[in-house]
Number of protein chains: 2
Amino acid sequence: MAAPIDFYFDFSSPYGYLAAQKIDALAAKHGRTVNWRPVLLGAIFKETGTAPLTAIPLKGEYSKRDFARSARFHGLGEFRMPPRFPIPTQAAARIVLWLKEQDRARAVRVAKAMFHAYFVDDIDISNPDAAAAIAAREGVDPAAARAAVDDPVVKDALKREVEKALARGVFGSPFVIVDDEPFWGLDRFDQIDRWLASGGF
Amino acid sequence: MAAPIDFYFDFSSPYGYLAAQKIDALAAKHGRTVNWRPVLLGAIFKETGTAPLTAIPLKGEYSKRDFARSARFHGLGEFRMPPRFPIPTQAAARIVLWLKEQDRARAVRVAKAMFHAYFVDDIDISNPDAAAAIAAREGVDPAAARAAVDDPVVKDALKREVEKALARGVFGSPFVIVDDEPFWGLDRFDQIDRWLASGGF
């Protein structure tokens, strides 16, 4: 069986949120599974010397318009910018990483719930208690999830995930790696589709 | 008749080069024409505080791979990075802007020839004599084209084009504006296609 495709994302990334709604179906269409890998764009942007899209003159205004338009274009419904943006995403990322060790399917459901909470329900998932409460909706023990946020082992695991991502060239969100071929952005999903169908082009 | 769609580009932009091969057909499919508008990314990046893609850590390496892959994906053949990149594009932009006043169809042919010279034939079109020689291939008087590069009226016209572009929110290349709706990047051509077909979504 072919290896899973790697789906890197940050929970505060609008295009990451949109991509999260499409990646599993795209992979499944080609008989592939997805490894959901939360990372921290803040740490990554420090390495690349770049800034969040919305903080860049002109590009910022355009991006907000494009988030919503891209959501409509891809049939993903209305998109609203969260009032607080961007946010630190350590809490959500650590909970999902911790869960992956126990139950990968549940970790993916929790990841989707985190995105939905932040981008649809206006819940500030940078708050560890709020993030743990989202995990609880998917049957996770909230006290254990809350403890994972401060667990040095989990913290270290996320740090290593980010370092590994940087070492593989990940500089944005969403970022997909298919058999060592890197694809940045929701707007490369058409190329990923053809790549998976043809084995490369 | 509907207004032309605005196609902003810089002659040193790889995605601009790829987009230049598709924009006329995309517009024509929907009964629209294209206003080819060369701008200067150097001046624009000063306003936005951004850097050329290829100068950004990680993103730079990825971009070079993606230029070539996107060329193949869109059926535009092999793509090679010019040995000197990026280059100042004032000479080519001024010649095309000057030509537009006389013969818009020829200006577009010269614009395509400039892109081809730089990205396929390894000709350094930042050199005014080289740029004038490219224009001559399309029947333009090379001495007149060469003179346009240093003509204060043409220089000023290009400066105003860049200022107008910035005022409309143009921050990259290619950048297309369809009836006031802005689209950045070759990877928005699918959205432009639907926008032109449906009048917006």
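About the cut-offs
Residue positions are counted from 1 within each chain, in the order its sequence is given. For naming, the first written chain is A and the first written ligand is 1, with later ones following in the order written. A pLDDT threshold of at least 70 governs which residues receive local features in this predicted model, and a stricter bar of 80 or more applies before side-chain atom pairs are shown or counted, although totals over entire chains, interfaces and linings include all residues. Think of the side-chain values as coming from all heavy atoms in the structure, minus any hydrogens and water. Helix numbering and strand numbering both begin at the N terminus, where a helix is a DSSP run of H or I of at least 4 residues and a strand a DSSP run of E of at least 2. Note that the radius of gyration is over C-alpha atoms, with the globule rule given as 2.2 Å times the number of residues to the power 0.38. Remark: exposure states derive from per-residue accessible area (1.4 Å probe, protein chains only) relative to the maximum for the residue type, with buried under 20%, exposed over 50%, and partly exposed in between. Accessible areas in this description were obtained via Shrake-Rupley with a 1.4 Å probe; residue shielding takes into account the shown protein chains only. A positive count includes Lys and Arg, and a negative count includes Asp and Glu. His and the chain ends are not counted in either. To locate a charge, take atom NZ for lysine, CZ for arginine, CG for aspartate or CD for glutamate. Only heavy atoms matter for contacts: two residues are in contact if any of them lie within 4.5 Å across the pair. What gets called buried area is simply the loss in accessible area from a 1.4 Å probe that two parts show on being joined, summed for both. Between Lys or Arg on one side and Asp or Glu on the other, a salt bridge is scored when a side-chain nitrogen of the former is within 4 Å of a carboxyl oxygen of the latter. Any two strands are treated as partners once DSSP identifies two or more bridges connecting them. Axis lines are fitted to C-alpha atoms, over the contacting stretch for helices. Their N-to-C directions set the angle, which ranges from 0 to 180 degrees. In this analysis, the expected span of each helix is defined as 1.5 Å times one less than the number of residues it contains. Two rings from Phe, Tyr or Trp (for Trp, the six-membered ring) form a pair when their centres are within 6.5 Å of each other. A pair whose planes differ by under 30 degrees is stacked, one over 60 is edge-to-face, and the rest are tilted. Only lysine NZ and arginine CZ atoms are considered, and such an atom sits over a ring when it is within 6 Å of the ring centre and within 35 degrees of the ring normal. The copies were overlaid with a least-squares fit restricted to C-alpha atoms from residues scoring a pLDDT of at least 70 in each copy.

## Some words on the overall build of chain A
Within chain A one finds ten helices and four strands. Ordered by position in the sequence, the α and β elements of chain A form the string β-α-α-β-α-α-α-α-α-α-α-β-β-α. For 201 residues, the compact-globule estimate of 2.2 N^0.38 gives 17 Å, and the C-alpha radius of gyration of chain A, at 16 Å, lies within 12% of that figure. Across the 201 residues that make up chain A, the buried fraction comes to 53%. Accessible area for chain A stands at about 8,500 Å²; split by element, carbon and sulfur atoms hold 53% of it. Computing the positive centroid from 27 side-chain charges and the negative centroid from 26, chain A places the two 2 Å apart.

## Looking at the interface of chain A and chain B
Counting from both sides, the interface comprises 32 residues of chain A and, opposite them, 32 residues of chain B. Between chain A and chain B, the buried area comes to about 3,100 Å², and carbon and sulfur atoms account for 57% of it. Sorting the residues of chain A by area buried against chain B places A:Y62, A:R69 and A:F73 first, and these three jointly supply 23% of that buried surface. Linking chain A with chain B are eight salt bridges, by the criterion used here. Between B:R69 and A:E181 there is a salt bridge, with the nearest N and O atoms lying 2.8 Å from each other.

## With respect to the sheet that holds strand β4 (residues 181-184) of chain B
All names here are of chain B. In spatial order, the strands read β2-β1-β3-β4; together these four strands make up an open sheet with mixed pairing. In the strand order of this sheet, the two ends are held by β2 (34-38) and β4, each with one partner. For this sheet, the mean inter-axis angle between neighbouring strands, taken without regard to orientation, is 20°. Alignment of strand β3 (residues 175-178) against β4, held across four bridges, turns out to be antiparallel. Residue pairing in the sheet places I177 in a bridge with P182 of β4. Across the sheet, helix α6 (residues 104-119) touches β1 (5-9) and β2, and the angle it forms with β2 is around 50°.

## Digging into helix α4 (residues 59-73) of chain B
Taking 1.5 Å of rise per residue, the 15 residues of α4(B) would be expected to cover 21 Å, and the 19 Å separating its terminal C-alpha atoms lies within 8% of that figure. With eleven of 15 residues buried, α4(B) lies mostly within the body of the structure. Within the sequence span of α4(B), burial applies to B:K59, B:G60, B:Y62, B:S63, B:D66, B:F67, B:A68, B:R69, B:S70, B:A71 and B:F73. Close packing links the buried residues of α4(B) with β3 (175-178), β4 (181-184) and α10 (189-198) of chain A together with α1 (14-20) of chain B.

## A closer look at the packing of aromatic side chains
How two aromatic rings sit relative to each other is set out by the distance from centre to centre and by the angle between their planes. One pass over the full model with this rule turns up 44 aromatic pairs over all chains. A centroid spacing of 5.8 Å and a plane angle of 55° characterise the contact between A:F175 and B:Y62, whose relative ring orientation is tilted. On the criterion of chain membership, the pair formed by A:F175 in strand β3 and B:Y62 in helix α4 is interchain, its members lying in two chains. Each member of the pair, A:F175 together with B:Y62, is buried. Looking at A:R194, its charged tip hangs above the ring of A:F201, at a distance of 5.6 Å from the centre.

## Topic: the environment of B:V34
Residue and element names in this part refer to chain B. Looking at the secondary structure, you find V34 in strand β2. Judged by relative accessible area, which is 16%, V34 ranks as buried. In sequence terms V34 and P4 are 30 residues apart; their C-alpha atoms lie 5.0 Å from each other. Ignoring anything within four residues of it in the chain, the contact list for V34 reads P4, I5, F7, I23, D24 and A27.

## With respect to the relation of the copies chain A and chain B
Each of the two copies of the chain can be brought onto the other by a rotation about an axis and a shift along it. With an RMSD of 0.0 Å, the operation that places chain A on chain B is a rotation of 180° combined with a shift of 0.0 Å along the axis. Here the transformation between the copies is reduced to the relation of a two-fold axis. Using C-alpha coordinates, one finds that chain A approaches the rotation axis most closely at A:D187, a distance of 3.0 Å. Residue by residue, 100% of the interface of chain A is reproduced at the interface of chain B, so both copies engage with the same surface.

## Description of the pairing of β3(B)
All names here are of chain B. Side-chain alternation along β3 places F175 and I177 on one buried face and V176 and V178 on a second face that is also buried. Pairing between β1 and β3: three bridges, direction antiparallel. By the bridge assignment, D6 is partnered in β3 with I177. Hairpin connection of β3 to β4: two residues between the antiparallel strands, including D179 at a positive phi of 50°.

On their own, these measurements won't tell you what the molecule is for.
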